[in-house]
Structures are given as structure tokens and as C-alpha cells.
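Read off the chains here:
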Amino acid sequence: MNVFISVSLVLMIHLYGVGAYPSGAPQTHEVCRDMEPSAQGHNSTGPQNGISPYNITVSPNKITSADQELTVTITGTNGTTFRGFLLQARRVPTPGTFGPTVIAVVGAFSDMLPKDTKHVNCNSKPKGALTHSARLGGGNGVNSLSVKWKPDSTGGNIKFWLTTVQVRQIYWIRELSSVVEIQIQPSTATTVIPSVTTGIPSNNTTPGSPSSSTTIYITLMPLLLALVAQLLLQRTN
């Protein structure tokens, strides 16, 4: 009985560790904050201390519109591959607040995702982070991966944070990109002033020129005078 329980516990721990890696980073506050895989789940003593072999490039490095997208690319140097990752954007904190305990996840990753990747809800942002959904490259890893990202409607400089898993026991955490400037310009909506009709007919005549009524009066005057003269003559006779 004891042997059965021991074997069962070993199998549960093994399955938990394996299951935690292929399906990507779990959606928890601690993972979003620390961006650090479970050492137990990865059969590891912890993250690597040396320089990461992975680079983060961002293009463009400045955004001036909330509708503008930028491309984030993760690349391994000298053909180095990775099988898993966790990527998010955070505001550049003020001095004294820098570190994994400060969560300021911003923006959203596009719905057009690379194969075997998925969104992670971090900081109440359903698309605020990105991770793998299966071992990348069919288990062989990939050397490069590019994703699209859009900012929030507010400005402020950001950096991308990256954790990469080369193999199950070897991973680097919280690698930072260069600063990306987010300078959202205020909208310049045009105000349309409605026209107002006064009900007073316009007078388009040139000053000094006769109106239409005056012209008619002058034209009929000779006829009227002739008619009056004829009537007077008849009465005289």
C-alpha cells in the first residue's frame, strides 16, 4: 500500500512538471508578476545567471497613434532555439519602483498569433501577455518568433519583458527590451457649426440699381398715361 502511494505521488509530481511546461505559462498573479517558471516543475535549480542568448527587437521604436501596431521579434543568437516563452509589455517605472513586484502590464497582442502560442490574461488584460500553447517547433524549438502589439489609448514609455525556455531545465527570466516611446497624439476633431436660416429674404441687388418692382413700374407708365388721356378725351366728347 505504501509503495503504491509513493509511486502515485512520484507520477503526479512528474506529470504536473511536464504538464506545466508544454501548455505555456499558467494564468496566475505570481507568474504575471515574477515571470519565473516553477523550478520544481522544470526540474531545475532556478534561472540561468549568465547573459541570455536571446534578443528582443522592436520595430518601430516609437508610436504616435493608438491604431498603430509594432512588431516584437524574439531571436536566438548563433542559431540558438527556444521551446517556450512568456512576453509582456510594462510601463517604464519611476525610480524606486523597478522590479518584478510592480505589475504595470499595458497594451494588447494581436489576434494573429504564431503557431503554438496563446494570450495570457495579466493585470486584467485578456491579451496583455503571450506564451506558448505547445512546445514550439514541434518540440525542436524555434530560432525566431515575431508578434504584433498595440498600445493602450494613453501614452508613456514601455519596455518588453521576456522569459525564455531553451529546454526544460534551462531558462532565462525577465530580459528587457530597449525603451519604446508611446506618444499618443490627441484627436483633432473638426467642429461643424450648423447654418442658421433667419427667414429674411436676401437682397442681392447692387446698391443704386433698380429693383424688379421699380423696373415694371417704369415700363408700364407710358401705357397708363395713354389710357388715362384716352378716357379724358372720350368724356370731353
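Residues numbered from 1 in each chain as written. Predicted model: local features only at pLDDT ≥ 70, side-chain atom pairs only at ≥ 80, totals over all residues. Heavy atoms only, no water.

Things to note about the state of the cysteines
Then step 1. Within this structure, the stated rule accounts for 1 disulfide.
Then step 2. Bridging Cys 32 to Cys 122, the disulfide has an S-S length of 1.9 Å. Across the S-S bond of Cys 32 and Cys 122 the torsion is about -75 degrees, and the bridge reads as left-handed. Within this pair, whereas Cys 32 is found in helix α2 (residues 29-34), its partner Cys 122 is found in strand β6 (residues 117-122), the two being separated by 90 residues in sequence. In this structure, Cys 32 and Cys 122 share a single accessibility class: buried. (Disulfide = S-S within 2.5 Å. Helix = DSSP H or I, 4+ residues; strand = E, 2+ residues; numbered from the N terminus. Buried < 20%, exposed > 50% of the residue type's maximum accessible area, 1.4 Å probe, protein only.)

Regarding the nonpolar core
Then step 1. Residues Leu 70, Val 72, Phe 85, Leu 87, Trp 149, Ile 158 and Phe 160 are the most contacted members of the largest nonpolar core, which totals 24 residues.
Then step 2. Residue assignment for this core shows that the elements contributing at least two residues are β1 (54-59), β3 (70-76), β4 (84-91), β8 (144-150) and β9 (158-167).
Then step 3. Non-local contacts of Leu 87, meaning those with residues more than four positions away in its chain, are made with Met 35, Val 72, Ile 74, Phe 109, Gly 128, Ala 129, Leu 130, Val 147, Phe 160, Trp 161 and Leu 162.
Then step 4. Among the nonpolar cores identified, the runner-up in size contains 10 residues, and Cys 32, Met 35, Leu 86 and Val 105 belong to it. (Core = buried A, V, L, I, M, F, W, Y, C linked by side-chain atoms within 4.5 Å. Contact = heavy atoms within 4.5 Å.)

Structural notes on unusual backbone geometry
Outside of glycine, negative phi angles account for most residues, and trans bonds account for most peptide bonds.
Then step 1. Across the junction of Ser 59 and Pro 60, the peptide omega takes the value -5 degrees, indicating a cis bond.
Then step 2. One non-glycine residue with positive phi stands out, namely Asn 123, at about 60 degrees.
Then step 3. Relative to the assigned elements, Asn 123 resides in the loop between β6 and β7 (125-132).
Then step 4. The partly exposed category is assigned to Asn 123, whose relative accessible area is 41%.
Then step 5. The phi dihedral of Arg 174 is positive, around 55 degrees, even though this residue is not glycine.
Then step 6. By the element assignment, Arg 174 lies in strand β10 (residues 170-176).

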